[in-house]
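Results of the structural survey
One letter stands for each residue in the lines below.
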Amino acid sequence: MKENTGKSKYVMLGMLARMPLTGYTIKKWLENEYSHFWQESYGQIYPTLKTLVAQGLAVCSDNGEHGNGRGQIVYSITEAGRKELSDWMREKPEIEKLRYEILLKVSFGENTESEVLIGHLDDFIRRNEELVKDMNRYMEQISQFRDQGIDCTYSRLTALCGVHVYSAMKDWAVEARKIISEKGEL
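Summary of the structure given here. Remember, it's a predicted structure, so these values are computed and weren't measured experimentally. (Residues numbered from 1 in each chain as written. Predicted model: local features only at pLDDT ≥ 70, side-chain atom pairs only at ≥ 80, totals over all residues. Heavy atoms only, no water.)

Topic: the pattern of salt bridges
One pass over the full model with this rule turns up 12 salt bridges. Residues K7 and E94 are paired through a salt bridge, measuring 3.3 Å at the closest nitrogen-oxygen approach. In this pair, K7 sits in the segment before α1 (8-18) while E94 sits in the loop between α4 (79-90) and α5 (101-107), placing the two residues 87 residues apart along the sequence. Relative accessible area serves as the criterion here: at 17%, K7 is assigned to the buried category. When the shortest N-O distance is used, the salt bridge between K83 and D87 registers 2.8 Å. A residue pair is termed a helical-turn pair when its members lie 3 or 4 positions apart in one helix, as K83 and D87 do in helix α4 at four residues. Through salt bridges with shared partners, a single ionic network connects K27, K28 and E31. (Salt bridge = Lys/Arg side-chain N within 4 Å of Asp/Glu carboxyl O. Helix = DSSP H or I, 4+ residues; strand = E, 2+ residues; numbered from the N terminus. Buried < 20%, exposed > 50% of the residue type's maximum accessible area, 1.4 Å probe, protein only.)

Regarding helix α2 (residues 23-34)
Residues of α2 that are buried include every one of G23, I26, W29, L30, E33 and Y34, and no others. Along the axis of α2, the buried residues cluster in a sector spanning 110°; they form a single face. The inward-facing, buried residues of α2 abut α1, β1 (21-22), α3 (45-54), β3 (74-77), α6 (114-147) and α7 (153-184). (Arc of directions from axis to C-beta. Contact = heavy atoms within 4.5 Å.)

Put into structure tokens, the structure is as follows:
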């Protein structure tokens, strides 16, 4: 389970501020839109939603106007939840923490054969190419919401960041692979 950073409630409030959602829909959204920059434990979704309801920041309904007809519980943000989200939005963001194990392994590269590092880099290159494709597919998917009158500008911006980050990491790995290969030829 991922470490709970205390930001889970803001993730949920931000998503609920867009539209009423089920816990399952929140999980899918986390997988698609947020996975390239935010990790949220799926085990935190329902406890966090329950806490939001207990704190009066969200309400839930399994029927009526927000029911989806399948017996699933749909959560909606309250005015108090919107205020809580708004207050948090005004706070300065925490400094980002970056962790890439591949960078550790490259940093300690003198302790293994060049071929081992090149293999790791090849895998990293492929993974980042796939992630760029995933982000581009996601941007295509959310463009359909625009046709329904839903503004996805900010979702598109986060996906665009993913495209740039994954592209940059792939470019770095290609260059690192070349440098390691040339070093081995000396």
